Number of protein chains: 2
Amino acid sequence: MISFVSFKPDNSSPIYLQILAFVKRGIASGKIKDSDELPSRRALSVLLGINPNTVQRAFSMLEEEGLISSSHGVTSIVTAPPERVNKLKEEILAADAKSTAALFKQNGLSLEQAAALLAAYWEEV
Amino acid sequence: MISFVSFKPDNSSPIYLQILAFVKRGIASGKIKDSDELPSRRALSVLLGINPNTVQRAFSMLEEEGLISSSHGVTSIVTAPPERVNKLKEEILAADAKSTAALFKQNGLSLEQAAALLAAYWEEV
DNA sequence: GCACGTGTATTAATGCAATAATACACATGA
DNA sequence: TCATGTGTATTATTGCATTAATACACGTGC
């Protein structure tokens, strides 16, 4: 069963997108594995204190992307074969790296300064 | 006169917040300097193709933070003494570094891997 | 069989960013 | 002086993302 204990939604973006990102990053990083079982939509909505439809929306998007498999009456299962995981990992890392580089460049930093700054705050988070 | 040619709003957050962030990062990075003149609210709204009230909202928030000075009849002026710039720079860099570190950690990367990834995409953006 | 938990679908309600319209106050320059 | 452009303020409206409420369909296990 996938754990959502480390999932802390904020108000910076829609909750359903945060759930989507949480699961995708979990799969990409290996914390969530192929054939893992997801909590039911209702159970997760109670756990997170949100509306069941919000969970439903996130799960249906995961289904559209082929990352989970759903059927009536039973909880959904993660569908993440190795090649899919690698592809997802590359996508996420590339997107993160690009946005991060853009951010630091916008701040007028050099690559060396950016790396140093990252190192300075690495242990803090 | 502050230039907004590099300002490219997207639909990831409210436009007024993007304007706010654009100006703050500009000040922090030195691209926008103390006593620089801002375009008028109406002129900027025409330039960006948005409603004057959206610009007004961003500018009033900048005024609340003490980063611009406004008076009737004349365009607003940047108020950014050196100590304020340094403070702003620290705030922005710290926030960016923390969120970046958290992001890479969430992806299961080590500091070395994160730095390498950043370097790999640095020139691309 | 059937109670229960599950996935799925539809519709309504809510909140808020963005827009819109308008009015007033002030400064500048012809 | 006065026309013009500026900042400021108020109120209403629109559109859409999000949440909410509800009903229906299906599978499991007693």
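The text that follows walks through the structure, step by step, so that each part is easy to find.

What counts as what
Residues numbered from 1 in each chain as written. Chains lettered and ligands numbered in written order. Predicted model: local features only at pLDDT ≥ 70, side-chain atom pairs only at ≥ 80, totals over all residues. Heavy atoms only, no water. Least-squares fit on C-alpha atoms with pLDDT ≥ 70 in both. Contact = heavy atoms within 4.5 Å. Helix = DSSP H or I, 4+ residues; strand = E, 2+ residues; numbered from the N terminus. Polar contact = N/O pair within 3.5 Å; in protein donor to acceptor, adjacent residues only side chain to side chain. Expected span 1.5 Å × (residues − 1). Buried < 20%, exposed > 50% of the residue type's maximum accessible area, 1.4 Å probe, protein only. Near = heavy atom within 4 Å. Nonpolar A, V, L, I, M, F, W, Y, C, P; charged D, E, K, R; others polar.

## Some details on the relation of the copies chain A and chain B
Here is step 1 of the chain: Here chain A sits on chain B after a turn of 180° about the axis and a move of 0.2 Å along it, with an RMSD of 0.2 Å. This pairing of chains is accounted for by a two-fold axis. When C-alpha positions in chain A are compared against the rotation axis, the closest is assigned to A115 of chain A, at 2.9 Å.
Here is step 2 of the chain: Comparing interface residues between copies, 100% of those in chain A also lie at the interface in chain B; the contact surface is shared.

## Description of the environment of A114 of chain B
Here is step 1 of the chain: Here A114 of chain B is to be found in helix α5 (residues 111-122).
Here is step 2 of the chain: In the structure, A114 of chain B is positioned 10 residues away from F104 of chain B in sequence and 6.3 Å away in space, judged by C-alpha atoms.
Here is step 3 of the chain: The contacts of A114 of chain B, once residues within four sequence positions are left out, are L118 and W122 of chain A together with F104 and L109 of chain B.

## Observations concerning the side chain of T100 of chain A
Here is step 1 of the chain: Within the fold, T100 of chain A resides in helix α4 (residues 82-106).
Here is step 2 of the chain: Of note is the side chain of T100 of chain A, whose polar atom sits 2.7 Å from the backbone oxygen of D96 of chain A.
Here is step 3 of the chain: Discounting residues that sit within four places of it in the chain, T100 of chain A has contacts with T100, F104 and L118 of chain B.

## A look at helix α1 (residues 15-29) of chain B
Here is step 1 of the chain: Helix length check: α1 of chain B, at 15 residues, gives a terminal C-alpha distance of 21 Å against a target of 21 Å (1.5 Å per residue), a fit within 8%.
Here is step 2 of the chain: Across the 15 residues of α1 of chain B, 12 count as buried, placing the element largely inside the fold.
Here is step 3 of the chain: Packing partners of the buried residues in α1 of chain B comprise α4 of chain A together with α2 (41-48), α3 (52-64), β2 (74-78) and α4 (82-106) of chain B.
Here is step 4 of the chain: Directly beyond the C-terminal end of α1 of chain B, a positive phi value near 90° is found at G30 of chain B.

## Let's talk about the protein's contact with DNA strand D
Here is step 1 of the chain: Among the 23 residues in the neighbourhood of DNA strand D, the closest are listed as P14, Y16 and N53 of chain A together with R41 and R42 of chain B.
Here is step 2 of the chain: The contact atoms of DNA strand D, taken as those within 4 Å of the protein, divide so that sugar and phosphate hold 61%.
Here is step 3 of the chain: Between DNA strand D and H72 of chain A, the relevant distance is 3.4 Å, taken from a sugar or linking oxygen to a main-chain nitrogen or oxygen of the residue.
Here is step 4 of the chain: Take G73 of chain B: an N or O atom from its main chain is 3.4 Å from a base oxygen of DNA strand D.
Here is step 5 of the chain: Sorting the residues of the surface near DNA strand D by element identifies α1 (15-29) and α3 (52-64) of chain A together with α2, α3, β1 (68-71) and β2 of chain B as the ones contributing at least two each.
Here is step 6 of the chain: The residue makeup of the surface near DNA strand D, split by class, is 5 nonpolar, 13 polar and 5 charged.

All quantities given are derived from atomic positions and should not be read as evidence of function.
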